[in-house]
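If you want the building blocks of each chain, they are given just below.
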Amino acid sequence: MSCRIPLTDTATVDEAVRAQLAQRPPIHLYRMVAHAPGLLGPFMHLGAAQFNTTVLAPAYREALVLRVAMRHRSAYEIHHHRRMALDAGLSADAIDALLAGRSNSPAWSPALQDLAAFADELVAAQDPEPARVQRLVAAYGHRGYVEAALIVGFYRMVATFIHAVGLEPEVEDVVGNWKRQHAS
């Protein structure tokens, strides 16, 4: 599949959009969202907040993202977040089980099993199992529970957008290249 509409041309967007795009790696997702310049900044800020302000461990955040991506068949998000999940400390076995849609795995902690099931329930538009809600709230508080729900919701929106525009993963390592160029 190829993009249903072209990516924005960064040479022709207005300066405010170009400045926003320069703050993040030049991934196709941001260049496509830039077609809606008034939404680009809020979209980027909400995405970044999930990396910088949550109580959930990065590995658990990435587990939620991968589970949503798998359920939505979002190759683009799997491409980006598999590496991030490894960097966050998830094992390759845990990631493979998440992406295979398993309900449990010896590579998962009980918390990871609950988070995967929680994501599955939300993606299926089901009410979460009450005992699971209690365990998640006991482990992460109301804040962590709400953050987990918002992460699932955000990445469901991203997956839907990716399907709508036909976004494909970048061939080159744009994130790694960008990080190397912007390393202090």
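Numbering of residues starts from 1 in every chain and runs along the sequence as written. Restriction of local features to residues with pLDDT of at least 70 applies here, the model being predicted, together with a cutoff of 80 or more for giving and counting side-chain atom pairs; totals for whole chains, interfaces and linings are based on all residues. The side-chain figures draw on all heavy atoms in the structure; neither hydrogens nor water molecules are used.

## Notes on the overall build of the chain
Helix and strand assignments follow DSSP, with helices taken as H or I runs no shorter than four residues and strands as E runs no shorter than two, numbered in order from the N terminus. Helix and strand counts for the chain stand at nine helices and zero strands. Going residue by residue from the N terminus, the α and β elements of the chain occur as α-α-α-α-α-α-α-α-α. Atoms counted for the radius of gyration: C-alpha only. Globule rule: 2.2 Å times residue count to the power 0.38. Here the C-alpha radius of gyration of the chain, 17 Å, is about what a compact globule of 184 residues would show, namely 16 Å. In terms of its C-alpha atoms, the chain occupies a principal-axis envelope of roughly 50 × 35 × 30 Å. Exposed residues in this analysis have more than 50% of their type's maximum accessible area, buried residues have under 20%, and partly exposed residues fall in between, with area computed by a 1.4 Å probe over protein chains only. Here the chain holds 184 residues, and 44% of them are scored as buried. Sequence-distant contacts, at least 24 apart, represent 64% of the contacts inside the chain between residues at least 6 apart. Contacts were defined at the residue level, with two residues in contact if any of their heavy atoms lie within 4.5 Å.

## Re helix 6 (residues 92-100)
The complete set of buried residues in helix 6 reads Ala94, Ile95, Ala97, Leu98 and Leu99. Considering only its buried residues, helix 6 is in contact with helix 4 (58-71), helix 5 (75-88) and helix 7 (110-123). Looking one or two places after helix 6, you find Gly101, whose phi comes out positive at around 80°.

## What to know about the environment of Pro58
Structurally, Pro58 is set in helix 4. For the pair Pro58 and Ala159, spaced 101 residues apart in sequence, the C-alpha to C-alpha distance is 20 Å.

## Quick word on the side chain of His72
Positionally, His72 belongs in the loop between helix 4 and helix 5. Residue classification places His72 among the buried positions, given a relative accessible area of 16%.

## Let's talk about the packing of aromatic side chains
Here a pair means two rings of Phe, Tyr or Trp (six-membered ring of Trp) with centres within 6.5 Å. Their orientation is stacked below 30 degrees between planes, edge-to-face above 60, and tilted elsewhere. Taken as a whole and judged by the stated rule, the model has four aromatic pairs. Ring centres 5.2 Å apart and planes at 50° place the aromatic pair Phe118 and Tyr145 in the tilted group. In this pair, Phe118 sits in helix 7 while Tyr145 sits in helix 8 (residues 130-165), placing the two residues 27 residues apart along the sequence.

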